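Understanding the architecture of this molecule
Take a look at the letters that make up each chain.
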Amino acid sequence: MTEQSAPLIQRLLNKVEIWGNKLPDPAALFIALMVFVWLLSWALSGVDFNAIDPRTGQALVINNQLSGDAMTTFFSKMVTNFSHFHPVGVVLVAILGIGVAEFSGFINAGLRALMAVTGKWLLTPMVIAVGIVSHTAVDAGYVLVIPLGGVIFYAAGRHPLAGIAAAFAGVSGGFSANFVPSSIDPMLQGITQAGAQILNSEMVLNPLNNYYFTAASSILIITLGWFITDKIVEPKLKGNELDGDLSDLPTMEPLQDNERKALRWSLLATVIGIVLLIISTSLENSAWRAADGSLTSFSAPLMQSIVPLIFLLFLIPGLVYGILIGKIKTTKDFIQGMSKAMSDMGYYLVIMFFIAQFIYAFGQSNLGILLAVKGAEALKALALPGGVTITGIIILTGFINLFVGSASAKWALLAPIFVPMLMQLGISPDLAQAAYRIGDSSTNIITPLMPYFPLVVVFCQRYVTSAGIGTLAAMMLPFSVIFIVAWTIFLMVFWSLGLPLGLQATYEYLP
């Protein structure tokens, strides 16, 4: 198919890929963005914006990042900015366990067994659904589900980048859709409640105030993602030839008897480990619980141990499989598996170093807060009808999300503005939070400023060495656009039909 005869949407996505890949290397891009933040903070540092910082209640000012104090502080914190950057530890610890499981052949055998019982036509919705459920394990989906999406599609004879796109859409684009309640629910509810109490000090919200909506949204995201992957993204990827090192990727060959036996024992070891964990967490005085007895709060040791538990979830069956199959005979063998996995992360670490410095400078400058506050003020000044206002909040949140990635940090800035503003218009905090979650999720997958975006680029380069920011942005743009439009309409349908958003949730606020 020639460029001229290709469908319009494919030609547009090809242009996005071409122009996106002409951008500088991601590491250089973040260096340029950091310098831009420095210069912009210097230019705006003396300007009176007549705005209040919602965190302090004081006048909002832009901090000059080129001042002597700011620069010396920047250099003094450069090492800790990188070493304490959350995504780095999450990725590297999980990769160590996954490396052993991949080196021993456990992942290869598991996927071949899965392919034998799963029809190819169900692969896409399965990958997206697993990505959605992975939110329960915080950031685990980024380092676990997304690369496996590529491997699963490759093993099934499909384009691996389409599998990565489907998994990324489920993990990140569908971040606010989940069948299973997760730690993000009480976290956002707490911030929403604090914002509501600015206007009504007695307002109390249920931690699952959006659960029915987010559970129903899972079906929407899986269905949309299935269509987009199979009908838009994968046809467009036919021109992206696989030229990476594919020698160690699984094939569709049937399992041999010794592989089947080793897989059974390794899965049994996994089940035993999970059962022991469940028993230990179910005890009333379990050390896995927080001080208040909760297992799902961020302070609970269980939630803080998710990534180490994932490390063990792959390390243990990987070791069992490798020993039984004869791939792991000495301690040097499984350490080799870890080392090989870590050696592939060099490029990622370079990018993460500069991302960590950029995020620090951007946060210290207050530019993100200014963007959020002024955007909210402009929306309030328009005094639009309720449905239009909610749509505006979704769009504004999606735009701000391109620059401020953290769901909790962004809502902590916006909730004190949005929630009381909407309450004055008769719109409940529950509905405001649901609208925020749509905007926050939909644009995650198209912004290079999202800390895990470069990691997904690295996953793509395993198969297509020329893949870059433009390649991934072009793959994910259809998901982002369709998700935010359809999801907004979905919320409006929920609202118009009076379907419950969640437990003890309402659409209207009556003073």
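One structure accompanies this document, and this report is about it. Just so you know, these numbers come straight off a predicted model, no measurement behind them. (Residues numbered from 1 in each chain as written. Predicted model: local features only at pLDDT ≥ 70, side-chain atom pairs only at ≥ 80, totals over all residues. Heavy atoms only, no water.)

What follows concerns unusual backbone geometry. In this structure, Asn50 is a non-glycine residue whose phi angle is positive, near 50 degrees. With respect to the element layout, Asn50 can be found in the loop between α2 (26–44) and α3 (68–76). Unusually for a residue other than glycine, Gln504 sits at a positive phi of about 55 degrees. Checked against the element boundaries, Gln504 lands in the segment after α22 (469–497). Its relative accessible area of 70% is what places Gln504 among the exposed residues. (Helix = DSSP H or I, 4+ residues; strand = E, 2+ residues; numbered from the N terminus. Buried < 20%, exposed > 50% of the residue type's maximum accessible area, 1.4 Å probe, protein only.)

On to the packing of aromatic side chains, then. Inspection of the entire model under this criterion finds 18 aromatic pairs. Between the aromatic rings of Trp38 and Phe74, the centroid separation amounts to 5.4 Å while the plane-to-plane angle is 90 degrees, which identifies the pairing as edge-to-face. Here the residue Trp38 occupies a position in helix α2, and Phe74 occupies one in helix α3, the gap between them amounting to 36 residues. A ring pair is formed by Tyr154 and Tyr463, whose centres lie 6.4 Å apart and whose planes are at 40 degrees; its orientation type is tilted. Taken together, the residues span a long stretch of sequence, with Tyr154 in helix α8 (residues 140–155) and Tyr463 in the loop between α21 (453–461) and α22 at a distance of 309 residues. Take Tyr154: its relative accessible area is 24%, and that puts it in the partly exposed class. (Phe/Tyr/Trp six-rings, centres within 6.5 Å; stacked < 30°, edge-to-face > 60°.)

Bringing the nonpolar core into the picture now. By size, the foremost hydrophobic cluster in this structure holds 145 residues, and its most contacted members are Phe168 and Leu491. Discounting residues that sit within four places of it in the chain, Leu491 has contacts with Phe213, Ile390, Ile394, Leu431, Ala434, Ala435, Ile438 and Leu501. (Core = buried A, V, L, I, M, F, W, Y, C linked by side-chain atoms within 4.5 Å. Contact = heavy atoms within 4.5 Å.)

Glancing now at the environment of Ala435. Within the secondary structure, Ala435 is located in helix α20 (residues 429–442). Along the sequence, Ala435 and Ile395 sit 40 residues apart, while their C-alpha atoms lie 9.3 Å from each other. Residues within four places of Ala435 in sequence aside, it is in contact with Ile390, Ile393, Ile394 and Leu491.

Shape is all these values report; function is a separate question.
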